[in-house]
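Coordinate inspection notes
Residues per chain are reported as follows:
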Amino acid sequence: MSNENVGFAIVGLGSIADFHAAAVEHATGAKLVAVYSRSQEKCAKFAEEHNATPCSTLEELFARTDVEVVMIATPSGAHADIAIQAMKAGKHVLCEKPLDVTLEKIDAVLKTAQETKRIAAAIFQSRFGENAIALKAAIDAGRFGKLSICSAYIKWWRSLEYYSSSSWRGTWALDGGGALMNQGIHAVDLLQWLVGMPTEVSAYISTVGHDGLEVEDNAVASLRFKNGALGVIEGSTACYPGTAKRIEISGTDGYVILEDDNVIRWEFRNPEPNDDEIRKPKEGGGIGGGASDPRAISFQGHQYQIENLVQAIRNGAKVAIPASEARNAVRLILGIYESSKTGKPVKF
């Protein structure tokens, strides 16, 4: 055990990297020490802004003894390759969502983590919202009775300029998909974390709002869960002006709606004393959503995960979202894509 700050490095300096840097700088027990980008100009500027050291190569970054954790913020389809290199160099990994865009690459990450005895964790900050945690506790306590309908709705907006701003965005190879794999994955992960993976999915995807886009900007899936509950996932980046990410959980004894992390409805057949407190509007923006602006989020959820990882490294605490669990959202989204392609249900 060491009382020194855990050294973090960021690989990939696109727009999300600013949130990673801010989260590290505010996190207890963490320090940003190095950064890397293929653009040396961007790397130097980012390093100066965040008081870190720019590295000219990945090998240089991996060789630094003051780097214990590599945060990966590159295009999605490059996540696994960098994660594997980092772990083989002795570093722990905290990867931006999704862990990668194929199960084969994700499983290679899991195998490498096991072989190197390094931590591989993934960012899903929506799980750290105060009301998302309260909802999870209510489900686990059985307050809903029998779950009946469990659904997620992500009706967001992204402009053509958003997709054209980077060559990897909106491609199957590096984005892994569109409205679901990039934007909707937070709600997909949140839904399966709350109620478990579905056993079967039937789906359609389409591209309706962005001419020439390679991937989907519209998706609808029907879900069947192990306990007999049903549900829907709706994901889009073609819904102007964009609305808050919405989770609805219904059961024989209760009904809850969360929009981002705000409680819209919290009703149970058997009330409990803290229900009124949960219903109260919360001060501040919380985790945020990004319905029409991908930067309209908070770094708070990233900060929580960084602090959790510091505790895991220093004190052996349980990792909040290990790579093995981050696999679920990708698995579910790939099942939706497969069902749309084949016209048949996909069973898990």
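Our structure is the block above this text.
Here is a short report on the structure shown in this document. (Residues numbered from 1 in each chain as written. Predicted model: local features only at pLDDT ≥ 70, side-chain atom pairs only at ≥ 80, totals over all residues. Heavy atoms only, no water.)

Brief notes about the overall build of the protein chain
As a reminder of what qualifies: The way it works is that DSSP assigns letters per residue, a run of H or I at least four long becomes a helix, a run of E at least two long becomes a strand, and they are numbered from the N terminus. Computation of the radius of gyration draws on C-alpha atoms, with the globule rule given as 2.2 Å multiplied by the number of residues to the power 0.38. Partly exposed describes any residue whose relative accessible area lies between the buried limit of under 20% and the exposed limit of over 50%, with all areas from a 1.4 Å probe on protein chains only and scaled to the type maximum. The criterion used for residue contact is that any of the two residues' heavy atoms lie within 4.5 Å.
Secondary structure assignment for the protein chain yields eleven helices and 14 strands. Against the compact-globule benchmark of 20 Å for 348 residues, the protein chain has a radius of gyration of 20 Å, which places it among compact chains. Along the first, second and third principal axes, the C-alpha set of the protein chain runs to 55 × 50 × 40 Å. By the burial criterion, 54% of the 348 residues in the protein chain qualify as buried. In the protein chain, the proportion of contacts linking residues at least 24 apart, taken out of those at least 6 apart, comes to 69%.

Thoughts on the packing of helix α1 (residues 17-26) against helix α10 (residues 300-315)
Operational definition: Here an angle of 0 to 180 degrees is reported between the N-to-C directions of two axes, which are lines fitted to C-alpha atoms, with helices fitted over the stretch in contact. Geometric relationships in this document are graded by angle, where less than 35 degrees denotes roughly parallel, more than 145 denotes roughly antiparallel, 65 to 115 denotes roughly perpendicular, and other angles denote oblique. Two helices cross in a left-handed way if the nearer one is turned anticlockwise from the farther one by less than a right angle. They cross in a right-handed way if the turn is clockwise.
Closest axis-to-axis distance for the α1/α10 pair is 8 Å, and the angle between their directions is 55 degrees. Taken as axis vectors, α1 and α10 run oblique relative to one another. The two elements α1 and α10 meet at a crossing, and its hand is right-handed. Of α10, the residues touching α1 (which contributes His20, Ala23, Val24 and His26) are His302, Gln303, Ile306 and Glu307.

A look at the sheet that holds strand β3 (residues 53-55)
The strands making up a sheet are joined through hydrogen bonds of the backbone, oriented either antiparallel or parallel. Selection criterion: Pairing between strands requires that DSSP locate at least two bridges from one strand to the other.
Spatially, the six strands line up as an open sheet ordered β3-β2-β1-β4-β5-β6, and their pairing is parallel. Two strands close off the open sheet at either side, each with one partner strand: β3 and β6 (120-122). This sheet shows a mean twist of 25 degrees between the axes of neighbouring strands, independent of strand direction. Inspection of the sheet shows strand β5 (residues 92-95) paired to β6 by three bridges, in the parallel sense. Within the sheet, the bridge partner assigned to Val93 lies in β6 and is Ala120. Against the sheet, helix α2 (residues 40-49) engages β1 (6-11), β2 (30-36) and β3, with an angle of about 165 degrees to β3.

What about unusual backbone geometry?
Cis geometry marks the peptide bond from Lys97 to Pro98, where omega comes out at -20 degrees. Of note, the bond from Tyr240 into Pro241 is cis; its omega dihedral lies within 30 degrees of zero at 5 degrees. Note that Pro241 resides in the loop between β10 (230-236) and β11 (246-251). With phi around 55 degrees, Asn51 is a residue other than glycine that occupies positive phi space. With respect to the helices and strands, the residue Asn51 is situated in the loop between α2 and β3.

Here we look at the packing of aromatic side chains
Under the convention used in this document: Working definition: a ring pair exists when centres of Phe, Tyr or Trp rings (six-membered ring for Trp) sit within 6.5 Å. Plane angles under 30 degrees give stacked, over 60 give edge-to-face, the rest tilted. The criterion is that NZ of a Lys, or CZ of an Arg, lies within 6 Å of the ring centre and within 35 degrees of the ring normal, and then a charge sits over that ring.
Summed over all chains, the structure comprises six aromatic pairs. On the numbers, 4.9 Å between centres and 75 degrees between planes, the contact of Phe144 with Phe268 is edge-to-face. Taken together, the residues span a long stretch of sequence, with Phe144 in the loop between α6 (130-140) and β7 (147-155) and Phe268 in strand β13 (residues 262-268) at a distance of 124 residues. Look at Phe268 and you get buried, because its relative accessible area is 9%. Feature note: the residues Phe144, Trp266 and Phe268 constitute an aromatic cluster, connected by ring pairs. Positioned above the aromatic ring of Phe268, the side-chain terminus of Arg143 is 4.0 Å from the ring centre. Over the ring of Tyr162 we find Arg158; its NZ or CZ atom is 5.5 Å from the centre of that ring.

Some words on the pairing of β13
Pairing analysis gives six bridges linking strand β12 (residues 254-259) to β13, with the strands arranged antiparallel. Residue pairing across strands places Glu259 opposite Asn262, the latter belonging to β13.

Some thoughts on the nonpolar core
Using the following cut-off: Among buried residues, those of type Ala, Val, Leu, Ile, Met, Phe, Trp, Tyr and Cys that are joined through side-chain atoms within 4.5 Å constitute a nonpolar core.
Judged by nonpolar contacts, the single largest core of 77 residues is most densely connected at Leu135, Ile233 and Ile249. Examining the composition of this core, we find that ten residues originate from one element, helix α8 (residues 179-195), more than from any other. Not counting residues within four places of it along the chain, the set of residues in contact with Ile233 comprises Ala152, Ile154, Leu180, Val188, Leu191, Ala219, Val220, Ala221, Leu223, Leu332 and Ile336. In this structure, Ile10, Val35, Ala47 and Ala121 belong to the second largest nonpolar core, which totals 28 residues.

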